[in-house]
Amino acid sequence: MGAAAFDTSAQTINPAGAAKVVFTSTAQTLTAGAASAAYAVQVQDTFGNLRNGDNTTNINLSSNSAQGTFSATAGGTYTATLQITTSGGVGTFYYKDTLKGTPTLTAASGVLTSGTQGQTVNPAAALTLVFTQQPSPSVTVGTALAAQPVVEIRDQFNNLCTFGSDATLTVALAAVNSTDGTTVLSGSLANGSVAASGGVATFSNLSYNQAETLKLKASSGALTTALSNAVTVNPGAVTPVITHTSLVAGAISNITIAFTAATAIPQNGDIQVTFPAGFDISGAAYSSGNTGSTATASSQILTINLGTAVSAGGGVSVVVSGIKNPGVSGNGGTYAVETQNAGDGLLDQGTAAANTFTTGVLVSPNVQPASLSPNATGTVDVTFTTANPLPIGAKIEVVFPTSLGSGFVLDAAGAGTTAASSATMDGSFTVAVSGSTVTLTRSAGTQQAAGQTETITLTNIKNPDAAGSTGTYAITTKTNAGTDIDVAASVAADTLTVGTLTATNVEPTSLVAGAQGLRSDRPGVAGRREQHEGGK
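All values derive from a computational prediction rather than experimental measurement. (Residues numbered from 1 in each chain as written. Predicted model: local features only at pLDDT ≥ 70, side-chain atom pairs only at ≥ 80, totals over all residues. Heavy atoms only, no water.)

Let's talk about the sheet that holds strand β36 (residues 395–399)
Right, so step 1: On the basis of which strands lie adjacent, the open sheet formed by six strands has the order β33-β44-β43-β36-β40-β39 and mixed pairing. Strands with a single pairing partner mark the edges of an open sheet, and in this sheet they are β33 (360–361) and β39 (428–434).
Right, so step 2: Where β36 and strand β43 (residues 473–478) come together, five bridges link them in antiparallel fashion. From the neighbouring strand, Lys-395 faces β43, where its bridge partner is Lys-478. (Pairing = 2+ DSSP bridges. Helix = DSSP H or I, 4+ residues; strand = E, 2+ residues; numbered from the N terminus.)

Quick word on the pattern of salt bridges
Right, so step 1: Taken as a whole and judged by the stated rule, the model has three salt bridges.
Right, so step 2: Residue Arg-154 pairs with Glu-152 through a salt bridge whose shortest N-O separation is 2.8 Å. Like Glu-152, Arg-154 is buried. (Salt bridge = Lys/Arg side-chain N within 4 Å of Asp/Glu carboxyl O. Buried < 20%, exposed > 50% of the residue type's maximum accessible area, 1.4 Å probe, protein only.)

Structural notes on the nonpolar core
Right, so step 1: In this structure, Ile-257, Ile-271, Val-273, Phe-275, Leu-302, Ile-304 and Val-320 are the most contacted members of the largest nonpolar core, which totals 52 residues.
Right, so step 2: Element by element, the count of residues in this core is highest for strand β28 (residues 315–324), at four residues.
Right, so step 3: The contacts of Val-273, once residues within four sequence positions are left out, are Ile-242, Ile-257, Gln-300, Ile-301, Leu-302, Tyr-335, Ala-336 and Val-337.
Right, so step 4: Counting 24 residues, the second-largest nonpolar core is a separate cluster that includes Ile-396, Phe-400, Leu-440 and Ile-475. (Core = buried A, V, L, I, M, F, W, Y, C linked by side-chain atoms within 4.5 Å. Contact = heavy atoms within 4.5 Å.)

Digging into the pairing of strand β31 (residues 346–352)
Right, so step 1: Judged by how many residues are buried, β31 sits mostly within the fold: five of seven residues are covered.
Right, so step 2: Where strand β21 (residues 236–237) and β31 come together, two bridges link them in parallel fashion. Paired with Gly-236 across the two strands is Asp-348, which belongs to β31.
Right, so step 3: Summarising the sheet, strand β30 (residues 335–340) and β31 pair through five bridges and their orientation is antiparallel. Bridging across to β31, Gln-340 finds its partner in Leu-346.

Some remarks on the packing of aromatic side chains
Right, so step 1: Applying the stated criterion to the full structure yields 11 aromatic pairs.
Right, so step 2: Residues Phe-279 and Tyr-335 carry aromatic rings whose centres are separated by 5.7 Å and whose planes lie at 50 degrees to one another, so their mutual orientation is tilted. Of this pair, Phe-279 sits in the loop between β24 (270–274) and β25 (285–288) while Tyr-335 is found in strand β30, placing the two residues 56 residues apart along the sequence.
Right, so step 3: For Phe-279, a relative accessible area of 4% translates into the label buried.
Right, so step 4: A network of ring pairs unites the aromatic residues Phe-23, Tyr-39, Phe-70, Phe-93 and Tyr-95 as a single cluster.
Right, so step 5: Geometry around Tyr-78 places Lys-96 over its ring, the cationic atom sitting 4.4 Å from the centre. (Phe/Tyr/Trp six-rings, centres within 6.5 Å; stacked < 30°, edge-to-face > 60°. Lys NZ or Arg CZ within 6 Å of the ring centre and 35° of its normal.)

A short note on the side chain of Thr-128
Right, so step 1: Locating Thr-128 in the fold gives a position in strand β11 (residues 126–133).
Right, so step 2: For Thr-128, a relative accessible area of 17% translates into the label buried.
Right, so step 3: The contact partners of Thr-128, leaving out residues within four places of it in the chain, are Glu-152, Ile-153, Arg-154, Asp-155, Leu-223 and Thr-224.

What to know about the sheet that holds strand β14 (residues 170–177)
Whether parallel or antiparallel, the strands of a sheet pair through hydrogen bonds between backbone atoms.
Right, so step 1: Within the open sheet, the five strands sit side by side as β12-β20-β19-β14-β16. Their pairing is mixed. A strand with exactly one partner marks an edge of an open sheet, and here the two such strands are β12 (138–140) and β16 (193–195). Looking at each pair of strands side by side, their axes are set apart by 30 degrees on average, direction ignored.
Right, so step 2: Relative to strand β20 (residues 226–234), strand β19 (residues 212–219) runs antiparallel, the two being bridged by six bridges. By the bridge assignment for β20, Thr-213 is matched with Thr-232. (Axes fitted to C-alpha atoms, helices over the stretch in contact; angles between N-to-C directions.)

Observations concerning the pairing of strand β3 (residues 39–45)
Right, so step 1: Here β3 lies mainly inside the structure; seven of its seven residues are buried.
Right, so step 2: Neither face of β3 is open: one carries Tyr-39, Val-41, Val-43 and Asp-45, the other Ala-40, Gln-42 and Gln-44, and all of them are buried.
Right, so step 3: With five bridges connecting them, strand β1 (residues 18–23) and β3 associate as antiparallel partners. Bridge pairing in β3 places Val-21 opposite Val-43.
Right, so step 4: Where β3 and strand β7 (residues 90–97) come together, four bridges link them in antiparallel fashion. Opposite Tyr-39, over in β7, you have Phe-93 as the bridge partner.

Written out as structure tokens, the structure reads:
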């Protein structure tokens, strides 16, 4: 037999049936919002052969990213899902995603095994800042916020910028007006700037140096700024004590302002004291307690500009001279005390307890009846020099003694009611009598200045019915509401004496021994001579 013959012509081996869809293009790293280069997928048989004759297989594309979209052409319309048809077993498409991450793309076709491929989507260029942790809603001045703010750098699609130089930008905070959100406040933030890490700027030990309500404005170069929620910065609390060298109404004295500072007060910072109405602080001057300080007064506000800084927890004891007490006795009212930084920003505040003032003392008081005879009825002059001003509507109370005889009789019967007038005081008086007290109430006229000598004349006052010392008087000036202003509690007594008969004579009508007749004993009058029983 001859040798066997072999067919050496070219053979064609066709792919087996379609079994799977396979990505043949490499995975891509994309920028959020930017279109990819073309992707290619193939329909292959179970052995990985391209089904190059396949022009009809539909392939459905999807992404596990909520923002992933597909397009059949580079400039086409992008949709969340896309169906393409193979040509020669190959399909092409483009992908775009605005969500940073690692999305997985899936190419599926009926019962064929689907192809998948992971991609990387990086954030776009940094565009804006976002607070992801808000600062505490309230804090004490100079104290670190309990909740420190966190700010993220985001792209236009709100992706955190964790890539490249954008991830390490420096973010700075500014304190701005809480209403308009733009006006930068005069205070300053401590630790208000930080370099981001991975696109996140985490602040620590952030504090603000004066009390007010603010918002934090985050900025970084040309990026869109971010505004925090409002933060109320509360002043520190102090417990001030104000003491006076004199507590007499109307007296001019030194005061000492003492407290422990909760917040440090810088040089050129201020201590501000608001005095209650009634004090006159126009003559205030710094005296001692803080080297280099000065004091100024405006209305009821005393401002002490410090020449020496005071540390937090440091003691303050400043003496100011020239403070005039209220012109009336009683509770003077509380004082509002605050400290301020050099820009007049509020640091600490507190309330000092009220002081109680005693009455002023009337100078050279005197009560002088026109007559010092018992039972005489007439005028009485009341004289004194005021320690404090005597306002319109003020009352002047004169208490007459009752220790001599039956005492003084006011509104003396038969002489008319007691009235009052004054040559030194304008306006008029109404008179009220109660027992041994006369109360005069001023109306109209003007306020009488402190230090002015006043004389008031009272009418129809009847002296006691006995001779001797009248006992002491009392004079008090009062406000219209009855609060004491000045007082003279013991005004010198007067001495009443019995009148002396003048030109007295006792003369018999007859000077003949043993004669009987009339005699004259009328004081100051010659006796009438009458003849009795033939006398002559």
